[in-house]
Amino acid sequence: MKTITIKNVTIGSGAPKIIVPIVGKTETDLLEEAVFLKTIDFDVLEWRVDHFVDVENIDKVKVMAKKLRDTLPTTPILFTFRTAKEGGVKAVSTEYYVELNKSLAATGLVDMIDVEAFTGDVYVKDVITTAHAHKVLVVASNHDFDKTPEKDDIVGRLRKMQELGADIPKIAVMPKSTADVLTLLTATSEMAEKYADRPLITMSMAGKGAISRVSGELFGSSMTFGAAKNASAPGQLDVKELRQILNILHRSTAK
């Protein structure tokens, strides 16, 4: 499996790298969160732009992206519009969703963009092609807030993301039982060992799935999400505690 390095953060080796989301609605909220993050030990900032009040104005989104970049100039930024159908707070047309992602990739103000893998192959490939043309990486994602699919289904979805050309396939699922958590972890291990040639992100959500957010180094997930001020999904751990746990497990894994 190859690694990916963005602004001195290497994804795909060692302990999973920590992504911290910011979910502010206004410029003031977002900048307050960004400044606060200067005091936090984390690796990648995720801007959940679907929370932003001006998200349907691309020019205003670009202005905000510039202010975030200026505030955290050396931090990798992942730009994410999470659609309502996959757990986000806003619904927009597919055409606008694609335009927004392509426009932000073209600015060079973000390092990665998230594209929902089942938006439609033509749309997804269009976003990936544009992003790569501007040296922006792509996380292809899929979220199931209702259930945990079967192992082979999870593996199949991750392989599909890889085939579409995404740099990092990602899946998040909801467990109904501890067996569901084991299904996610088994699928992650199988994908990492048999099929993946690039880093993966997988997680089982909510309290039951917390173990999946810290055990990635063992099972094959290269990144995890931690909450600083506000969580963006159920089950995210406090970023300080998350770093401590990841470091402990990394030392144990290395023995």
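Residues numbered from 1 in each chain as written. Predicted model: local features only at pLDDT ≥ 70, side-chain atom pairs only at ≥ 80, totals over all residues. Heavy atoms only, no water.

Under an unreviewed UniProt entry, the name given to the protein chain is 3-dehydroquinate dehydratase, and the source organism is Zophobihabitans entericus. Recorded in UniProt for the protein chain, the comment headed Sequence similarities (unreviewed entry) runs: "Belongs to the type-I 3-dehydroquinase family." In its Subunit (unreviewed entry) section, the UniProt record describing the protein chain reads: "Homodimer." (UniProt positions renumbered as here; feature names shortened; annotations may be inferred.)

## Observations regarding the pattern of salt bridges
Going through the model one piece at a time under the given rule, you end up with 17 salt bridges. Lys151 is the salt-bridge partner of Glu190, the closest N and O atoms lying 2.8 Å from each other. In this pair, Glu190 sits in helix 6 (residues 178-195) while Lys151 sits in helix 5 (residues 151-164), placing the two residues 39 residues apart along the sequence. Of the residues examined, Glu190 reaches a relative accessible area of 17% and is grouped as buried. (Salt bridge = Lys/Arg side-chain N within 4 Å of Asp/Glu carboxyl O. Helix = DSSP H or I, 4+ residues; strand = E, 2+ residues; numbered from the N terminus. Buried < 20%, exposed > 50% of the residue type's maximum accessible area, 1.4 Å probe, protein only.)

## Comments concerning the pairing of strand 8 (residues 168-173)
Every regular strand shows the same layout, with side chains that alternate between the two sheet faces. Burial runs high along strand 8: six of the six residues are buried. Of the two faces of strand 8, the one carrying Ile168, Lys170 and Ala172 and the one carrying Pro169, Ile171 and Val173 are both buried. Where strand 7 (residues 137-144) meets strand 8, six bridges bridge the pair, whose relative direction is parallel. When the sheet's bridge partners are listed, Ala140 is paired in strand 8 with Pro169. Note on the crossover from strand 7 through helix 5 to strand 8: the handedness is right-handed. In this sheet, strand 9 (residues 201-204) lies alongside strand 8 in parallel orientation, the contact comprising four bridges. (Pairing = 2+ DSSP bridges. Right-handed = clockwise from strand over helix to strand, strands pointing away.)

## A closer look at the packing of aromatic side chains
Counting across every chain of the model gives three aromatic pairs. Judged by centre distance (5.7 Å) and plane angle (75°), the rings of Trp47 and Phe79 are edge-to-face. Of the two residues, Trp47 is situated in strand 4 (residues 44-48) and Phe79 in strand 5 (residues 77-80); the sequence distance between them amounts to 32 residues. Considered together, Trp47 and Phe79 belong to a single accessibility category, that of buried residues. Between the aromatic rings of Phe81 and Tyr97, the centroid separation amounts to 6.1 Å while the plane-to-plane angle is 75°, which identifies the pairing as edge-to-face. Placement of the pair is Phe81 in the loop between strand 5 and helix 3 (94-107) and Tyr97 in helix 3, with a sequence separation of 16 residues. In this structure Phe81 comes out as buried when scored by relative accessible area, which is 0%. Of the residues examined, Tyr97 reaches a relative accessible area of 3% and is grouped as buried. (Phe/Tyr/Trp six-rings, centres within 6.5 Å; stacked < 30°, edge-to-face > 60°.)

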